[in-house]
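# Coordinate inspection notes
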Amino acid sequence: MGGHFTFSHLEFLGRGALWTVLLSALGFLGGGVLAFMVALCRISGARIVRVASGVIVQLVQGTPLLVILFLSYFGLPAIGVPVPPLLAAGASLNLYIGVYLGETWRAAIEAVPRAQWEAAECLALTRVQRMFRVILPQAVHIATPPTVGFMVQIIKSTSLASAIGFVELARAGQIINNSLLEPFPIFVLIAATYFAICYPLSRLSRRLEARSGFAPVEGAAP
Amino acid sequence: MSGPVVILRDVHKSFGPIHVLNGVSFEVAPGSVTAIIGRSGSGKSTALRCIDRLERIDAGEIVVCGHLVSDPGLVLRKLRLDVGMVFQSYNLFPHLTVLQNITLAPRMVKRLGRAEAEALAERVLGQVGLADKAYAWPEQLSGGQQQRAAIARSLAMEPKVMLFDEVTSALDPELTGEVLRVIEDLARRGMTMVMVTHEMGFARRIADQIVFMHEGRAWEIGPPDILAAPATPDLRQFVGSVL
């Protein structure tokens, strides 16, 4: 056993990191669309839509991402619905992200003062115009820091996809360690790679948080 | 339009067990200024909000510019095109500049082109004395300036009647003055206005009609003279307590 860390190990890790990024991106794309729908359903004027979406949100929030992955990858084929791994991982992440972000965004929409709706209403704007021109721009501003924070968390959570066979960053490190038996340097390298992926997002979040109100950053033209 | 612009007939409104409006009736003539006065909780703001259907009434009838406001099937947007509303807390849109605040509805609702809407905005900003603040953000303005910008935003939709809901209550006396001057100017130009106010001196000076609300009713209605010679002990007591 043992041996040296070679370029092919590095390549292996790189491919793992690529999967981590790919799974995260896939999760956010579908999850973001789903989240928007969840947020709108949760504040819908129709009671049935509000209640139904509320139940789904409760169910998903009470289930670990790992179990959702198992359900879609092992559970569905067992009842005759074969699901390829990428679809299982993508769909599970979408569901998980959609529900959590959806709730965050709903709260952000509801955090915009009622008076803003009223003022827009009194100017004869339609419901859709009020939503897109007045409420959502303010909600986006409120939701940005928690959304970025959640994205960082998801990037790290994609390591759970290794449980259904994905060799993403964490799993790639584990496999290399199995042959090299150098856990400390290898997992330090893994941690550093996660950090390199997440840090820019954290920075972005802090910059957005530091910006208060809606006035442009100093020096920018209005 | 020769008849009244706003008509309230025996309007009732409850919030849960609390009977806020208990048969309110009054009318507003075109080009006139009506000041609604009264204690907190007398129902004055609720009455005003019912005129623009921000609240639905339980019984009675409200007619505004020919729209039957109490009709559940009313097309709200048609009503809102004729009625302007200014709030105590300004409610400017914080993510838009003053100019964008004003041009939003003319562009979205009346489909004006950008140039046309901005010319309109400049005109109404000039009217409220904020010509130099078009590109400012709401948070960069004082309370008085924000309220004047909110009035300009409402004016840009060219309403037939304007409603003012305690628009100076959040301002200190100096800033109150600059907002009241704008409203006074509007009155001089013949704008029909209904205002809920605590500014008794102002009400006496520019109002054509005073509506004193008490216990959910239009307790006493008349020209500003009723403030000097109240018919009811309740108005006498109220005037005594605020002057």
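Details of the structure are given in the entry above.
Below, the structure is looked at part by part. All figures in this text were calculated on a predicted structure; none of them were measured in a lab.

Rules of the game
- Residues numbered from 1 in each chain as written.
- Chains lettered and ligands numbered in written order.
- Predicted model: local features only at pLDDT ≥ 70, side-chain atom pairs only at ≥ 80, totals over all residues.
- Helix = DSSP H or I, 4+ residues; strand = E, 2+ residues; numbered from the N terminus.
- Buried ≥ 20, exposed ≤ 12 C-beta atoms within 10 Å, placed from the backbone.
- Contact = placed C-beta atoms within 7 Å.
- Rg over C-alpha atoms; globule rule 2.2 N^0.38 Å.
- Core = buried A, V, L, I, M, F, W, Y, C linked by C-beta atoms within 7 Å.
- Pairing = 2+ DSSP bridges.
- Nonpolar A, V, L, I, M, F, W, Y, C, P; charged D, E, K, R; others polar.
- Axes fitted to C-alpha atoms, helices over the stretch in contact; angles between N-to-C directions.
- Parallel < 35°, antiparallel > 145°, perpendicular 65-115°, else oblique.

### Points about the overall build of chain A
In terms of regular secondary structure, chain A is built from 8 helices and 0 strands. Put simply, chain A runs from its N terminus to its C terminus through helices and strands in the order α-α-α-α-α-α-α-α. Projecting the C-alpha coordinates of chain A onto the three principal axes gives extents of approximately 75 × 55 × 20 Å. By the burial criterion, 31% of the 222 residues in chain A qualify as buried. When contacts within chain A are restricted to residue pairs at least 6 apart in sequence, long-range pairs at least 24 apart make up 73% of them.

### Describing the overall build of chain B
Assigned secondary structure in chain B consists of 9 helices and 10 strands. Relative to a compact globule of 243 residues, whose C-alpha radius of gyration would be 18 Å, chain B shows 18 Å and is just as compact. Dimensions of chain B along its principal axes, counting C-alpha atoms only, are 55 × 45 × 35 Å. For chain B, the residues scored as buried account for 49% of the 243 residues in total.

### A short note on the nonpolar core
Nonpolar side chains tend to gather and get buried jointly when the protein is soluble and globular. Formed by 115 residues in total, the largest nonpolar core has its most connected members in B:I36, B:I51, B:A121, B:V124, B:A152, B:F164 and B:V194. If one sorts the elements of this core by residue count, helix α4 (residues 85-111) of chain A sits on top with 12 residues. In contact with B:F164, not counting residues within four places along its chain, are B:V86, B:I183, B:M193, B:M195 and B:V196.

### What to know about the pairing of strand β1 (residues 6-15) of chain B
All names here are of chain B. Pairing between β1 and strand β2 (residues 18-28): 8 bridges, direction antiparallel. Bridge pairing in β2 links I7 to E27. Taken together, β1 and the strand that follows it, β2, pair antiparallel across an intervening segment of 2 residues, in which G16 is found at a positive phi of about 60°. Note: β1 against strand β4 (residues 59-64), 5 bridges, orientation antiparallel. When the bridges of β4 are listed, H12 appears paired with A59.

### Concerning the interface of chain A and chain B
Listed by partner, the interface residues are 20 residues for chain A and 22 residues for chain B. Split by residue class, the side of chain A that touches chain B holds 11 nonpolar, 6 polar and 3 charged.

### Focus: the sheet that holds β2(B)
All names here are of chain B. Judged by pairing direction, the sheet is antiparallel, and its 4 strands sit side by side in the order β2-β1-β4-β5 without closing on themselves. Edge positions in the sheet fall to β2 and β5 (67-68), since each of these pairs with one other strand and no more. Pairing of β4 with β5 involves 2 bridges; the strand directions are antiparallel. Bridged to V64 within β5 is H67.

### Comments concerning the packing of helix α1 (residues 7-42) of chain A against helix α7 (residues 169-180) of chain A
Residue and element names in this part refer to chain A. At a minimum axis separation of 7 Å, α1 and α7 run at an interaxial angle of 155°. On the basis of their axis angle, the class for α1 and α7 is roughly antiparallel. On the side of α1, the interface is formed by H9, F12, L13, R15, G16, A17 and T20, while α7 contributes L169, R171, A172, G173 and I176.

### Some words on unusual backbone geometry
Residues and elements named next belong to chain A. Unlike most non-glycine residues, A124 shows phi in positive territory, near 70°. Mapped onto the fold, A124 is located in the loop between α5 (114-122) and α6 (127-157). Taking the C-beta count within 10 Å as the criterion, A124 has 22 such neighbours and is therefore assigned buried.

### Some remarks on the pairing of strand β9 (residues 209-214) of chain B
Residue and element names in this part refer to chain B. Among the 6 residues in β9, 6 count as buried, and that is most of the element. Both faces of β9 are covered, namely the face carrying Q209, V211 and M213 and the face carrying I210, F212 and H214. Sheet analysis places strand β3 (residues 33-38) next to β9, joined by 5 bridges and oriented parallel. Bridging across to β9, T34 finds its partner in Q209. Relative to strand β10 (residues 217-222), β9 is paired through 5 bridges, and the arrangement is antiparallel.

Shape is all these values report; function is a separate question.
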